[in-house]
Amino acid sequence: MNDKFEPLIIGFTCNWCSYRAADSAGLGRLKYPPNIRLIRLMCSGRIDTTFVLQAFANGADAVLISGCHPGDCHYVEQNYKAQSRFLLMRRLIAQMGIEPQRLQLLWASAAEGTIFAAEVTRMVEEIRKLGPLNWKSSQQLTVNSKQLAAAEVAA
């Protein structure tokens, strides 16, 4: 697409694993694109549909949700909850006119800085190929509160 396009990616990361993986990548001087802005959550299970929709509404070209590997969650099974919400949110954003690839999920432990850096690099390249989101303001947040409530209950 446009060689000058640089995507903005919002990354919601688990405090115990994926945020520390990003920190580990930095400490190890691993290079990955600066296109991602990390927001630390105590657990990936705390991700909320409104966080993702707000990120898109405020100009993000993509969103990454990242947490502990399944079975290794510090909050027992909350990453399974994150995975359920992720699948639900992918269907929701597709109905809103956003390509599902713009929402991605990554499991990364604190020791996997290399994996984190590689996946962010891959994601940036993938979103560059998709181009800017250009989500029209008339389409932004057209999901009503009943749809959000139903989505949260289903997750």
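Residues numbered from 1 in each chain as written. Predicted model: local features only at pLDDT ≥ 70, side-chain atom pairs only at ≥ 80, totals over all residues. Heavy atoms only, no water.

*Asks:* What's the story with the overall build of the protein in this structure? I'm lost.
*Replies:* Counting its regular elements, the protein contains 5 helices and 4 strands. Along the chain direction, N to C, the helices and strands of the protein fall in the order β-α-β-α-β-α-β-α-α. Sequence-distant contacts, at least 24 apart, represent 82% of the contacts inside the protein between residues at least 6 apart. Accessible area for the protein stands at about 8200 Å²; split by element, carbon and sulfur atoms hold 52% of it. (Helix = DSSP H or I, 4+ residues; strand = E, 2+ residues; numbered from the N terminus. Contact = heavy atoms within 4.5 Å. Areas by Shrake-Rupley, 256 points an atom, 1.4 Å probe, with all protein chains shown as cover.)

*Asks:* Quick question: what am I supposed to make of the side chain of Asp61 here?
*Replies:* Mapped onto the secondary structure, Asp61 falls in the loop between helix H2 (49-57) and strand S3 (62-67). Nearest to the buried, unbridged Asp61 among oppositely charged side chains is Arg102, at 4.7 Å. When sequence neighbours within four positions are dropped, the list of residues in contact with Asp61 reads Phe5, Glu6, Pro7, Leu8, Phe56, Arg102, Ile127, Pro132 and Leu133. (Buried < 20%, exposed > 50% of the residue type's maximum accessible area, 1.4 Å probe, protein only. Lys, Arg positive; Asp, Glu negative; His and termini not counted. Salt bridge = Lys/Arg side-chain N within 4 Å of Asp/Glu carboxyl O.)

*Asks:* For this particular structure, what's the right way to read the packing of helix H1 (residues 18-27) against helix H4 (residues 113-130)?
*Replies:* Packed helices, taken two at a time, are described by the angle between their axes plus the distance between the axes. As a packed pair, H1 and H4 sit with axes 7 Å apart at the nearest point and diverge in direction by 90°. If you check the angle between H1 and H4, you find them roughly perpendicular. Contacts between H1 and H4 involve Ser18, Ala21, Ala22, Ser24 and Ala25 from the former and Gly113, Phe116 and Ala117 from the latter. A breakdown of the residues in the contact of H1 with H4 according to their chemical character gives 5 nonpolar, 3 polar and no charged. (Axes fitted to C-alpha atoms, helices over the stretch in contact; angles between N-to-C directions. Parallel < 35°, antiparallel > 145°, perpendicular 65-115°, else oblique. Nonpolar A, V, L, I, M, F, W, Y, C, P; charged D, E, K, R; others polar.)

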